[in-house]
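One-letter residues, chain by chain:
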Amino acid sequence: MGQSRAVLKYHDETLPAEGAKVAHFCSMCGPKFCSMKITQDVREYARTMGLEELEVISVGLAEKAEEFREGGNRIDQKA
């Protein structure tokens, strides 16, 4: 079984409800921290920005750095 099939099999086993079979995340980490979901979000963002994936990562990191500076360079901010 290839790695992709193994991942899909695990995904389907960990989310047994039929509607969950189409979810873009697994039960290991959930929708907010899923590496599969984050990767898909980065790819979609790159497409909308007209950039390559690696380029958009640099752009995104620069944007987040600016948000951090504007927020007072504090890591203990409330969500």
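Thresholds, definitions, all that
- All residue numbers refer to positions counted from 1 along the written sequence of the respective chain.
- Local features in a predicted model are, by the rule used here, given only for residues with pLDDT of at least 70; side-chain atom pairs are given and counted only at 80 or more, and totals for whole chains, interfaces and linings are based on all residues.
- For side-chain calculations, the full set of non-hydrogen atoms in the structure is used, while hydrogens and water are omitted.
- Runs of E in the DSSP output that reach at least two residues are strands. Runs of H or I that reach at least four are helices, and both are numbered from the N terminus.
- Note on exposure labels: buried denotes an accessible area under 20% of the residue type's maximum, exposed denotes more than 50%, and partly exposed covers the range between, all computed with a 1.4 Å probe on protein chains only.
- Here, two residues are considered to be in contact whenever any of their heavy atoms come within 4.5 Å of each other.
- Every case where a carboxyl oxygen of Asp or Glu lies within 4 Å of a side-chain nitrogen of Lys or Arg is listed as a salt bridge.
- Note on geometry: axes are C-alpha line fits, over the in-contact stretch for helices, and angles between N-to-C directions span 0 to 180 degrees.
- Between 65 and 115 degrees an angle is taken as roughly perpendicular, under 35 as roughly parallel, over 145 as roughly antiparallel, and anywhere else as oblique.
- Every helix has an expected span of 1.5 Å times one less than the residues it contains.
- pLDDT is a per-residue confidence score from the predictor, ranging from 0 to 100.

(A) Main features of the overall build of the chain. On a plain count of helices and strands, the chain comes out with three helices and zero strands. Its helices and strands in sequence order give the chain the pattern α-α-α, from N to C terminus. A buried classification covers 13% of the 79 residues belonging to the chain. By sequence separation, contacts in the chain at least 24 residues apart represent 3% of the contacts at least 6 residues apart.

(B) Up close: the pattern of salt bridges. Tallied over the entire structure, the rule returns four salt bridges. K64 is the partner of E67 in a salt bridge, and the nearest nitrogen-oxygen pair spans 3.2 Å. Separated by three residues within a single helix, E67 and K64 lie in helix α3 (residues 53-70), roughly one turn from each other. You can call K64 exposed: its relative accessible area is 53%. Between R69 and E66 there is a salt bridge, with the nearest N and O atoms lying 3.0 Å from each other. Here R69 and its partner E66 are both found in helix α3, three residues apart, which amounts to about one turn of the helix. We classify E66 as partly exposed; its relative accessible area is 35%.

(C) Here's a closer look at the packing of helix α2 (residues 35-49) against α3. Two elements in contact, α2 and α3, have axes separated by 9 Å at closest approach and are oriented at 95 degrees. The angle between the axes of α2 and α3 places the two elements in the roughly perpendicular class. Where α2 approaches α3, its residues V42, R43, Y45, A46 and M49 are matched on the opposing element by E53, V56, I57 and E63.

(D) Focus on α3. Taking 1.5 Å per residue as the helical rise, α3 with its 18 residues ought to reach 26 Å, and the 26 Å between its terminal C-alpha atoms agrees with that figure. G72 lies just past α3 and shows a positive phi near 90 degrees.

(E) Region of the structure containing the environment of A46. If you trace the backbone, A46 turns up in helix α2. For the pair A46 and I57, spaced 11 residues apart in sequence, the C-alpha to C-alpha distance is 8.3 Å. Those residues within four positions of A46 in sequence are excluded, and the remaining contacts are L51, E52, E53 and V56.

(F) Unusual backbone geometry, seen in detail. The backbone phi angle of N73 is positive, close to 55 degrees, even though this residue is not glycine. Examined against the element boundaries, N73 turns out to sit in the segment after α3.

(G) Structural view of the confidence of the model for the chain. The share of residues in the chain with pLDDT of 70 or more is 62%, and the mean pLDDT across the chain is 77. The spread of mean pLDDT over the elements of the chain runs between helix α1 (residues 3-14), the lowest at 63, and α3, the highest at 91.

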